[in-house]
Amino acid sequence: MTADTEAPIGIFDSGFGGLTVARAVIDQLPHEDIVYLGDTARAPYGEQPIASVREYALECLDHLVDQGVKILVIACNSASAAVLRDARERYAVPVVEVILPAARRAVAATRSGRVGVICTEATANSQAYDDAFAAAPQVTLHTVACPRFVGFVEAGITGGPELLTCARTYLDPLWAAGIDTLILGCTHYPLLTGVISYVLGDSVSLVSSAEECAKDAYATLTRLGLAHDRPRHPSHRFLTTGSPQSFEGIGRRLMGDLVVDVEQFV
């Protein structure tokens, strides 16, 4: 299949966190159609075996390719760690993801060479970020899994004493390690930048894997001549393997009225 300028951007995530990527893509590529598929029925991926994540992710990516997308955006760190190589071999359209772009940005941003990553258990266990920094021996990487953060975000909780206590438990070891740059290695985490910055202080630069992924999508479409270069009214479709009503409720909390008429994908 040859990619077509008129085709939509396909965005896949295990659930709702990838909406931060979708938001960044819409901001940076406002004339593009998107199709977003969230596998909420089987989320969270971060607590599941890599083999299961791979199976679920490829099933969803196959569906997006069947929709005729011109690029695949894997907006999930756990899925990126599990299927990126397979996806690039499996599909004729370009595939971008969240890990390598964030790592590149962190290498450029760090002053001390001490970089932290917060992510899910699956991403931490995969050592995908360790691999991403293999070409940067000047960087010392400190990885902490923060599984409880996803639950706070999906409950709409971005402050309060319980979250603050949880954040300090996760982040204090990174502060003690003297990091000056932190990768938000789960697409839910940009929604917690307030509490993360409060705990770590302004001297630690935050790198959003969602923002860096959207930049990579922009660069890829531009390089291949597949980006719309004139204003147009784009369409934004949202599909979920779970409850469309639940997805729309959380989606509207994260993205406002962009999330409407959510479709069921079984």
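Here, every reference points to the structure presented above.
Residues numbered from 1 in each chain as written. Predicted model: local features only at pLDDT ≥ 70, side-chain atom pairs only at ≥ 80, totals over all residues. Heavy atoms only, no water.

Draft legend 1. Broad picture of the packing of helix 8 (residues 161–176) against helix 9 (residues 193–200). Two numbers describe how helix 8 lies on helix 9: the axes approach to 9 Å, and their chain directions differ by 50°. Relative to helix 9, helix 8 is oriented oblique. Seen from above, helix 8 lies across helix 9 with right-handed handedness. For the pair helix 8 and helix 9, contact is made by Leu163, Leu164, Ala167, Arg168, Leu171, Asp172 and Trp175 and by Val195, Ile196, Tyr198, Val199 and Leu200, respectively. Taken together, the residues of the contact of helix 8 with helix 9 sort by class into ten nonpolar, no polar and two charged. (Axes fitted to C-alpha atoms, helices over the stretch in contact; angles between N-to-C directions. Helix = DSSP H or I, 4+ residues; strand = E, 2+ residues; numbered from the N terminus. Parallel < 35°, antiparallel > 145°, perpendicular 65-115°, else oblique. Left-handed = near helix turned anticlockwise from the far one by under 90°. Contact = heavy atoms within 4.5 Å. Nonpolar A, V, L, I, M, F, W, Y, C, P; charged D, E, K, R; others polar.)

Draft legend 2. Inspection of helix 1 (residues 19–28) at higher detail. Across the ten residues of helix 1, seven count as buried, placing the element largely inside the fold. Along helix 1, the positions that sit buried rather than exposed are Leu19, Thr20, Val21, Ala22, Ala24, Val25 and Ile26. Those residues of helix 1 that are buried are in contact with strand 1 (9–13), strand 2 (34–38), strand 3 (71–74), helix 10 (209–223), strand 9 (236–240) and helix 11 (244–255). (Buried < 20%, exposed > 50% of the residue type's maximum accessible area, 1.4 Å probe, protein only.)

Draft legend 3. Looking closely at the nonpolar core. Ile9, Ile11, Phe133, Ile183 and Phe238 are the most contacted members of the largest nonpolar core, which totals 44 residues. The element that contributes the greatest number of residues to this core is helix 1, accounting for six residues. Within the second largest apolar cluster, 26 residues are counted, among which are Leu61, Leu64, Cys76 and Ala87. (Core = buried A, V, L, I, M, F, W, Y, C linked by side-chain atoms within 4.5 Å.)

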